[in-house]
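One-letter residues, chain by chain:
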Amino acid sequence: VIFSLFTPAPLISFHAPTNSYVAHALAANHARVIRPGTQIGASRCTNNGPSLFLPVKDIMEMDDSSGYNKEQESRSRRRWSRKNAVLRVKKSVTVFASVIASSFLLAVKPASAVELSSILSSATELLKTATTTANPTTSPSSSYLLTRILFLRFLAIVYTAAFSVAKFQNKGLIGDNGISPARNILNAADRRGEAKSARRKEWLEQRKNYTSTASSNNSTNFVVKCKNKLLDCPPATAFRDKFWHRIDRRDRPLPTLLWFARDRNNLNPWLDGLANVGLILSAMMFATGSANVVLMLGLWLIQRSFMAVGGSFYGYGWEPQLAELTFHALFLVPMLSMNPFFGSEVVPAAAAAVAAGGVVSTSGMVATKGAFPVPTLVIYGIRWYLFKIMIGAGLIKAKSSDPKWKPGNMSAMDYFYETQPVPNPFTRYFHFMPKAWHRFEVWSNHFVELVAPFLLLMPFRSLRLAGGLIQIMFQFILISSGNLSFLNWLTIVPAIFCLDDAFLVNNLPSLVQKIALGTPTTQTYIQSVTSGAISFRQAPIARTILSSAFFVLMAKLNINVVRNLLARPQLMNASFDKMRLCGTYGAFGVVSERREELIIESANNINGPWKEYHFKVKPGDVHRRPKWISPYHHRIDWQMWIAAVSGRVERSPWIYRFLLKLLRQEKDVIGLLKSDPWKAELGAESNDDDSSNAPKYIRIEKYSYKFYDTNNATISNDDEGNKPYWVRERLGRYFPRQGVASADILEELANRH
């Protein structure tokens, strides 16, 4: 069938020169495939060498009347002897295609052209029948309907965490009175858009005076005029002015639903509304185990809306990673139906004798028509997505200047647990493991990120299953060792598509199946999987076209991703297209050897006493144990860790506005912290007129933190008898370098940056 698809019509006989390596490689096995002298259509095979009935351009074509054409043979010999690298690649592809196609011919071994033609005709008819059959039988190992249910439910968990963070933190971060208000980004994009539109209008006026250099070519002028009219029509102009020209600092459009807000000084209801809608859509997807294009598009738009205006607080790698995976999922689900087995029909068992191909279940029901299959191209796109994430993370470490990831040192894990952004209750136990174990962890990390990802793309089921399970187990280990937001949970989601329905049914306990895969019709489908025969409908032409278009688009966008992966200075967490549909990812290329924490203190007198602000999960109080919050996370705590490892305060200008709002005790920003040191508890009653209960000066001290070794008894317990969890030492002042900062100074710095 494959041979008949890729052979051009009319069929032409090709000849390989006897001294070419193609002939030498294939002569022994294929000299009798088509006997010399056999008449095939208008062409004839000669006795001058082994003839291959293959559509290979680099093999010399036979001449109908005179047999061997010596001039063409001589030219062909010279062409084959060139040392051109591009030509050698083409030859390699030619050999590979020849071997594959010839293997099909060996299986057939026709004795004559009539027999060969008959076999090809039968194959073509078989292909046509397969494409029109309503219920072709498929192996459970190649079906992914249950896998899609598990995929969507895991994705719903990630989105629930993401939108919960948005609901409870966005007002303090990017709200009307937040640290970095969203309206500032929208207004700046508006100004850039107006300037860009003005430049285009000026260019259009100048274009009217241009004289065409191709005035004699009427066809060219016609095409140019049609193109200009299309680009200058009112809908196209409105699209440019309202969206495409509204760009960020990197010349990328800002796809956000906040453009529809009439009052940009009152965006808090919009931020809450979008988060609430996102939570509702996530709950629907989790409850039903299904989704449609409308639901997935809603999730994607809400996520992109927050990314567009989030600034530094939405600059983490997992934000575009989540949006990219959701874009993949758009082509994975039905257009409108919310049925996880879309296309299937269930009838009573009495109708089983009438329904051809039905599989009787123990519940007395039978699936007479199969569901539409999950698009194969999208599945491979999701596997590639996981591949580039893992291989990017591995390469960023292999190319790093940090010797702790390199052979001969391999000490990165000696420091990783202690210096990671937000530890959890088990992090200290991982840190104090033996050094030999940490060396093993580094080698294991390199294997999982540099070798195991290739298993994800293998066509062999056993290798693909192994690759998916390795990545899932690796991510769960990372989840148990630290609070890395929903990054690891998100990385598990695409790995699910390395597991097929047969694996899930045969290996998941029944209770887990009911929880993770349960829907009203799941049990009937599981009976089909258990019986070993699954019926599928033929995918609609529109779905096939959309899946192919998606695959081609992602292949094109990933070209720059591959170039970045192969480049020596590899970018981390970057995108190369304006819409940020496809990105490159990586993390922890450099591991710090010392944990540095920024401690914020304020006072109402320049001589003190100074009161320390405590964050919800960031280390501060040395006696406080870390919490387990993953997949939830606190963005301000992460940003404080990033500011500490970034160096000077000028690299984190948002800190000026953050400190200013702490001095002003603004409710939305104070709500991001564990407590307000100027009140007994957050939300406690206070006298606003009491100036002694309000800070006037603020500063940031830098400390080094280390895990407290339980074998060390030099530090005393606190008043409640709790042992310290951390040991800290003051390193110096972070901001300001001298003196203290007041509200006036901070306001000036915030306006400047």
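Residues numbered from 1 in each chain as written. Predicted model: local features only at pLDDT ≥ 70, side-chain atom pairs only at ≥ 80, totals over all residues. Heavy atoms only, no water.

Describe the overall build of the protein chain, naming the residues involved and giving the relevant values.
Helix and strand counts for the protein chain stand at 26 helices and 16 strands. Summing over all exposed atoms, the protein chain offers an accessible surface of approximately 36,700 Å²; the carbon and sulfur share of this is 59%. (Helix = DSSP H or I, 4+ residues; strand = E, 2+ residues; numbered from the N terminus. Areas by Shrake-Rupley, 256 points an atom, 1.4 Å probe, with all protein chains shown as cover.)

Quick one: what's the story with the nonpolar core, residue by residue and with numbers?
Phe151, Leu155, Met296, Ile600, Phe658, Leu662 and Phe735 are the most contacted members of the largest nonpolar core, which totals 140 residues. The dominant element in this core, judged by the number of residues it contributes, is helix α6 (residues 145–174), at 16 residues. The residues contacting phenylalanine 151, other than those within four sequence positions of it, are Leu325, Ala329, Leu332, Ile382, Val493, Pro494, Ile496 and Phe497. (Core = buried A, V, L, I, M, F, W, Y, C linked by side-chain atoms within 4.5 Å. Buried < 20%, exposed > 50% of the residue type's maximum accessible area, 1.4 Å probe, protein only. Contact = heavy atoms within 4.5 Å.)

With reference to specific residues and values, describe the packing of helix α13 (residues 376–398) against helix α22 (residues 541–566).
Between two packed helices, the angle of one axis relative to the other and the distance separating the axes together describe the packing. Running from N to C, α13 and α22 point in directions that differ by 10 degrees, and their axes come no closer than 10 Å. Between α13 and α22, the crossing angle belongs to the class labelled roughly parallel. Where α13 abuts α22, its residues Leu377, Val378, Trp384, Lys388, Ile391, Gly392 and Leu395 lie against Ser547, Ser548, Phe550, Phe551, Asn558, Val561, Val562 and Leu565. (Axes fitted to C-alpha atoms, helices over the stretch in contact; angles between N-to-C directions. Parallel < 35°, antiparallel > 145°, perpendicular 65-115°, else oblique.)

Explain helix α26 (residues 743–752) to me, using residue names and the numbers behind them.
Looking at α26, one finds that the buried residues are Leu746, Leu749 and Ala750. With its buried residues spanning 100 degrees around the axis, α26 presents them on a single face. Set apart from the buried face of α26 by more than 90 degrees, the exposed residues are Asp744, Asn751 and Arg752. In the core, the buried residues of α26 are packed alongside α24 (654–664), β15 (697–707) and β16 (726–735). (Arc of directions from axis to C-beta.)

Would you mind going over the environment of asparagine 693 in detail, with residue names and values included?
Here asparagine 693 is to be found in the loop between α25 (667–670) and β15. For the pair formed by asparagine 693 and asparagine 604, sequence separation is 89 residues and the distance between their alpha carbons is 7.9 Å.

Outline the side chain of serine 337, listing residues and values.
Relative to the helices and strands, serine 337 is located in the loop between α12 (318–330) and β7 (345–348). For serine 337, a relative accessible area of 19% translates into the label buried. One polar contact links the side chain of serine 337 to the main-chain amide nitrogen of asparagine 339, over a distance of 3.1 Å. If we skip the residues at most four places from it in the chain, serine 337 touches Ala291, Asn292 and Phe342. (Polar contact = N/O pair within 3.5 Å; in protein donor to acceptor, adjacent residues only side chain to side chain.)

Explain the pattern of salt bridges to me, using residue names and the numbers behind them.
Taken as a whole and judged by the stated rule, the model has 29 salt bridges. Residues lysine 404 and glutamate 593 are paired through a salt bridge, measuring 3.6 Å at the closest nitrogen-oxygen approach. Placement of the pair is lysine 404 in the loop between α13 and α14 (412–419) and glutamate 593 in the loop between β12 (583–584) and β13 (595–603), with a sequence separation of 189 residues. Classification of lysine 404 by relative accessible area gives buried; the value is 6%. Here the residues in one salt-bridge network are Glu601, Arg699, Glu701, Arg730 and Arg733, joined through shared partners. (Salt bridge = Lys/Arg side-chain N within 4 Å of Asp/Glu carboxyl O.)

Before we move on, could you go through the packing of α6 against α12 and cite the residues and values that matter?
Relative orientation of the contacting elements α6 and α12 amounts to 145 degrees, with a least axis distance of 12 Å. Considering how the two elements wind past one another, α6 and α12 form a crossing that is left-handed. Residues Phe151, Leu155, Val158, Tyr159 and Ala162 of α6 lie in contact with α12, whose contacting residues are Leu322, Leu325, Thr326 and Ala329. When its residues are assigned to classes, the contact of α6 with α12 shows 8 nonpolar, 1 polar and no charged. (Left-handed = near helix turned anticlockwise from the far one by under 90°. Nonpolar A, V, L, I, M, F, W, Y, C, P; charged D, E, K, R; others polar.)

Quick one: what's the story with the confidence of the model for the protein chain, residue by residue and with numbers?
On average, residues of the protein chain carry a pLDDT of 80, and 73% of them reach 70 or more. Contacts of residues 1–68 to residues separated by more than four positions or lying in other chains number 131 contacts, the stretch itself having pLDDT below 50. Long-range and interchain partners of residues 83–116, a stretch whose pLDDT sits below 50, account for 39 contacts in this model, where long-range means more than four residues apart. (pLDDT = per-residue confidence, 0-100.)

Describe in detail a nonpolar patch on the surface, supporting the description with residues and values.
Taken together, the side chains of Val294, Met335, Leu336 and Leu546 define a hydrophobic patch exposed on the protein surface, amounting to about 400 Å² of accessible area. Inspection of the secondary structure puts methionine 335 in the loop between α12 and β7. For methionine 335, a relative accessible area of 48% corresponds to the partly exposed category. (Patch = residues over 30% accessible without salt bridge, like charges linked within 9 Å, V, L, I, M, F, W, Y side chains within 5 Å.)

Outline the packing of aromatic side chains, listing residues and values.
Taken as a whole and judged by the stated rule, the model has 35 aromatic pairs. Consider the rings of tryptophan 654 and phenylalanine 658, whose centres lie 6.0 Å apart with planes at 45 degrees: the pair is tilted. Taken together, the residues tryptophan 654 and phenylalanine 658, both in helix α24 and 4 residues apart, mark about one turn of the helix. For the residue pair tryptophan 654 and phenylalanine 658, the accessibility class agrees, reading buried in each case. Three or more aromatic residues link up through ring pairs in this structure, and these residues are Tyr316, Trp318, Phe486, Trp638 and Trp641. (Phe/Tyr/Trp six-rings, centres within 6.5 Å; stacked < 30°, edge-to-face > 60°.)

Outline unusual backbone geometry, supporting the account with residue identities and numerical values.
Residue proline 609 is bonded to the preceding glycine 608 through a cis peptide linkage, with omega at 5 degrees. The phi dihedral of serine 485 is positive, around 60 degrees, even though this residue is not glycine. Structurally, serine 485 can be placed in the loop between α17 (461–481) and α18 (487–495). Positive phi, normally seen in glycine, also occurs at phenylalanine 588, with a value near 55 degrees. In this structure, phenylalanine 588 sits in the loop between β12 and β13.

Tell me about the sheet that holds strand β14 (residues 611–612), residues and numbers included.
Spatially, the 4 strands line up as an open sheet ordered β14-β13-β15-β16, and their pairing is antiparallel. Of all the strands in the sheet, just β14 and β16 have a single pairing partner and so form its edges. Looking at chain direction, β13 and β15 are connected through 9 bridges and run antiparallel. Along β15, the bridge assignment pairs isoleucine 599 with glutamate 701. Across the face of the sheet, helix α23 (residues 635–646) comes into contact with β13, β15 and β16 while running at roughly 110 degrees to β13. Against the sheet, α24 contacts β13, β15 and β16, and its axis sits at roughly 115 degrees relative to β15. (Pairing = 2+ DSSP bridges.)

So what's going on with the environment of asparagine 292? Which residues, and what values?
Considering the arrangement of structural elements, one finds asparagine 292 in the loop between α10 (268–288) and α11 (293–309). Counting along the chain gives 41 residues from asparagine 292 to valine 333, while the straight-line C-alpha distance between them is 5.2 Å. Setting aside chain neighbours within four positions, we find asparagine 292 in contact with Val333, Pro334, Met335, Leu336, Ser337 and Met338. Among the polar contacts listed, one links the side chain of asparagine 292 to the backbone nitrogen of valine 294, at a separation of 3.2 Å. At 2.8 Å, the side chain of asparagine 292 and the backbone nitrogen of leucine 295 are in polar contact.

Tell me about the pairing of β15, residues and numbers included.
Within β15, 9 of the 11 residues are buried, which leaves the element mostly enclosed by the surrounding structure. The sheet contact formed by β15 and β16 spans 8 bridges and is antiparallel. Following the sheet pairing, lysine 702 is matched in β16 by glycine 732.

Can you lay out the environment of asparagine 268 for me, pointing to particular residues and giving the numbers?
Looking at the secondary structure, you find asparagine 268 in helix α10. Distance from asparagine 268 to alanine 182, taken between C-alpha atoms, is 9.6 Å for residues 86 residues apart in sequence. If sequence neighbours within four positions are ignored, asparagine 268 has contacts with Lys171, Gly175, Asp176 and Asp668. A polar atom in the side chain of asparagine 268 sits 3.0 Å from the backbone nitrogen of aspartate 176.

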